[in-house]
Amino acid sequence: ITIVNAFLQLPSPKNISYFWSFGSLLGLFLAVQIVSGLLLTLFFSVSDPFSTVDFIMRDLSNGWFFRFIHCNGATFFFVFLYLHMFRGIYYFSFIRSNLVWLVGCVIFVLSMAVAFLGYVLPWGNMSYWGATVITNLFSALPYVGGEIVLWLWGGYSVSLVTINRFFSLHFLLPFVILFFVLVHVILLHDKGSNNPLGVSSSGDKVFFHNWFSFKDFFGFFIFFIVGLILVCYFPYLFMDEANFLLANPLSTPVHIQPEWYFLPAYAILRSIPNKLGGVIALVFFVLVYFLLPLISFSHLFVGFQYNYFHQVVFLVWVVNFFILMWIGAKPVEPPYVTIGQISSFFFFLYFYIVYLNYHYNLKSY
């Protein structure tokens, strides 16, 4: 009861908007993923995963419903995860509390790992080749890369042994994410939330309930309806048709691509023709978020999100992010290769531009 009261009576800035509701929506969909995943594990078999999925869909009472919730729930989770991160970047939330931001970045990395592991489990043809391509990236590491790949595979190719390992990790890592989410929330409550103005709101706060709890419940209701429509009427919208075929090492899909939330990273990986260079770029796609707190060494400059130059550059960067997503779903051929290289360059250039602009304005201030 004390913990619940601490959440309900949490002093929150009065001027935060619906953009601050993405965190609670992430918590909701994390719970949905864990519960639906636990129910699916009761019937999943690593010895014959493809047939198990078929059994869940066709013969298990309401099995299709829980599988579609789990598959499409990942889509909602990453939608809100990206929105949550983009909001933090735009409003410079990492300035207020570096530790809160860094823990959030760890959650982002773990979420990507869990999503990839889950994508392999149905043992469809795209899942098989996606796992082969991604795990092969470790072979680019000097000296130890080949050994790491063999260890991940449990043999000389992706097989049911690999599925067994991936299933164990896919089951355990969500609870690690849950732990870091709790740490993230505790640290956030200790430091307090940022606000759209970027200024101190210590003297202008209200209790979380019922001022903001109703905002969160409104978001829950809206996306509950949207989720039901997606699950019941468009369940295959984000699924690849190649995954309806059993994994076949002798039949490579014409175009191998991951789920939509990996496409920007995949486009950056492919933009560099050198394998090791592509892996390094992929690592920096994630690492750059960890480096964001280094942009600022002072809390004096506030409200930087209202700098016009920053607003324009941020908008272009978001559009560029969607261009990378589009390129990742295209074949490796002209003109997509050139567009992907230009977009990848600007993706990283944005953070350097923000760094220079921030410090230029800080000195002026």
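Preceding this paragraph is the structure being described.
What counts as what
- Residues numbered from 1 in each chain as written.
- Predicted model: local features only at pLDDT ≥ 70, side-chain atom pairs only at ≥ 80, totals over all residues.
- Heavy atoms only, no water.
- Helix = DSSP H or I, 4+ residues; strand = E, 2+ residues; numbered from the N terminus.
- Expected span 1.5 Å × (residues − 1).
- Buried < 20%, exposed > 50% of the residue type's maximum accessible area, 1.4 Å probe, protein only.
- Axes fitted to C-alpha atoms, helices over the stretch in contact; angles between N-to-C directions.
- Parallel < 35°, antiparallel > 145°, perpendicular 65-115°, else oblique.
- Left-handed = near helix turned anticlockwise from the far one by under 90°.
- Contact = heavy atoms within 4.5 Å.
- Nonpolar A, V, L, I, M, F, W, Y, C, P; charged D, E, K, R; others polar.
- Phe/Tyr/Trp six-rings, centres within 6.5 Å; stacked < 30°, edge-to-face > 60°.
- Lys NZ or Arg CZ within 6 Å of the ring centre and 35° of its normal.
- Salt bridge = Lys/Arg side-chain N within 4 Å of Asp/Glu carboxyl O.
- Core = buried A, V, L, I, M, F, W, Y, C linked by side-chain atoms within 4.5 Å.
- Domains from an automatic or database assignment.

**Quick notes on helix H14 (residues 308–328)**
What sets the pattern is the α-helix's 3.6 residues per turn: residues three or four places apart point alike.
Phase 1 of the analysis: When the terminal C-alpha atoms of H14 are compared, their 30 Å separation across 21 residues agrees well with the 30 Å that a helix rising 1.5 Å per residue should span.
Phase 2 of the analysis: The set of residues buried in H14 consists of His310, Val313, Phe314, Trp317, Val318, Asn320, Phe321, Leu324, Met325, Ile327 and Gly328.

**Some details on the packing of helix H2 (residues 22–41) against helix H11 (residues 213–233)**
Phase 1 of the analysis: In the contact formed by H2 and H11, the axes pass within 9 Å of each other and the chain directions differ by 50°. When the axes of H2 and H11 are compared, the pair comes out oblique. For the pair H2 and H11, the sense of crossing is right-handed. Contacts from Ser24, Leu25, Leu28 and Phe29 of H2 reach H11 at Asp216, Gly219, Phe220 and Phe223.
Phase 2 of the analysis: When the residues that make up the contact of H2 with H11 are grouped by side-chain class, the tally is 5 nonpolar, 2 polar and 1 charged.

**Notes on unusual backbone geometry**
Phase 1 of the analysis: Residue Pro335 is reached from Pro334 by a cis peptide bond, and omega for that bond is 0°.
Phase 2 of the analysis: If you trace the backbone, Pro335 turns up in the loop between H14 and helix H15 (336–364).
Phase 3 of the analysis: With phi around 70°, Tyr143 is a residue other than glycine that occupies positive phi space.
Phase 4 of the analysis: Relative to the assigned elements, Tyr143 resides in the loop between helix H7 (125–136) and helix H8 (145–153).

**Some details on the packing of aromatic side chains**
Phase 1 of the analysis: Scanning the model with the defined rule gives 48 aromatic pairs in all.
Phase 2 of the analysis: Look at Phe94 and Trp101: their rings are 5.4 Å apart centre to centre, the planes differ by 65°, and that puts the pair in the edge-to-face class.
Phase 3 of the analysis: Accessibility expressed as a relative area gives 1% for Phe94, which makes it buried.
Phase 4 of the analysis: The ring of Trp20 is capped by Arg87, whose NZ or CZ atom sits 4.5 Å from the centre of that ring.

**Observations concerning the environment of Leu287**
Phase 1 of the analysis: Here Leu287 shows up in helix H13 (residues 275–291).
Phase 2 of the analysis: Look at Leu287 and you get partly exposed, because its relative accessible area is 32%.
Phase 3 of the analysis: When the C-alpha positions of Leu287 and Val109 are compared, they lie 9.5 Å apart, and in sequence the two are 178 residues distant.

**Quick notes on the packing of helix H3 (residues 49–58) against helix H4 (residues 63–90)**
Phase 1 of the analysis: Across the interface, H3 lies against H4 with an axial gap of 6 Å and an inter-helix angle of 115°. Facing Val53, Ile56 and Met57 of H3, the residues of H4 in contact are Gly63, Trp64, Arg67 and Phe68.
Phase 2 of the analysis: Split by residue class, the contact of H3 with H4 holds 5 nonpolar, 1 polar and 1 charged.

**A short note on the side chain of Gln33**
Phase 1 of the analysis: Structurally, the position occupied by Gln33 is in helix H2.
Phase 2 of the analysis: Leaving out residues up to four positions away in the same chain, Gln33 has contacts with Ile69, His70, Gly73 and Ala74.

**Comments concerning the pattern of salt bridges**
Phase 1 of the analysis: For the structure on display, the rule yields 1 salt bridge.
Phase 2 of the analysis: Its salt-bridge partner being Asp54, residue Arg58 comes within 2.6 Å of it at the nearest N-O pair. Taken together, the residues span about one helical turn, with Arg58 and Asp54 both in helix H3 at a distance of 4 residues.
Phase 3 of the analysis: With a relative accessible area of 65%, Arg58 lands in the exposed category.

**Focus: the environment of His255**
Phase 1 of the analysis: Tracing the backbone through its elements, the reader meets His255 in the loop between H11 and helix H12 (263–271).
Phase 2 of the analysis: His255 sits 75 residues away from Lys330 along the chain, and the two C-alpha atoms are 7.9 Å apart.
Phase 3 of the analysis: Residues within four places of His255 in sequence aside, it is in contact with Met126, Arg270, Gly328, Ala329, Lys330 and Pro331.

**Some details on the nonpolar core**
Phase 1 of the analysis: Grouped together as the largest cluster of nonpolar side chains are 93 residues, with contacts concentrated most on Phe78, Ile89, Phe285, Tyr289, Trp317 and Phe347.
Phase 2 of the analysis: Structurally, this core is a two-domain feature, drawing no fewer than three residues from each of domain 1 (17–256) and domain 2 (258–364).
Phase 3 of the analysis: Other than its neighbours up to four places away in sequence, Tyr289 contacts Met85, Ile89, Trp101, Cys105, Phe108, Trp317, Phe321, Phe347 and Phe351.

Read these as layout, nothing more, since geometry by itself doesn't imply function.
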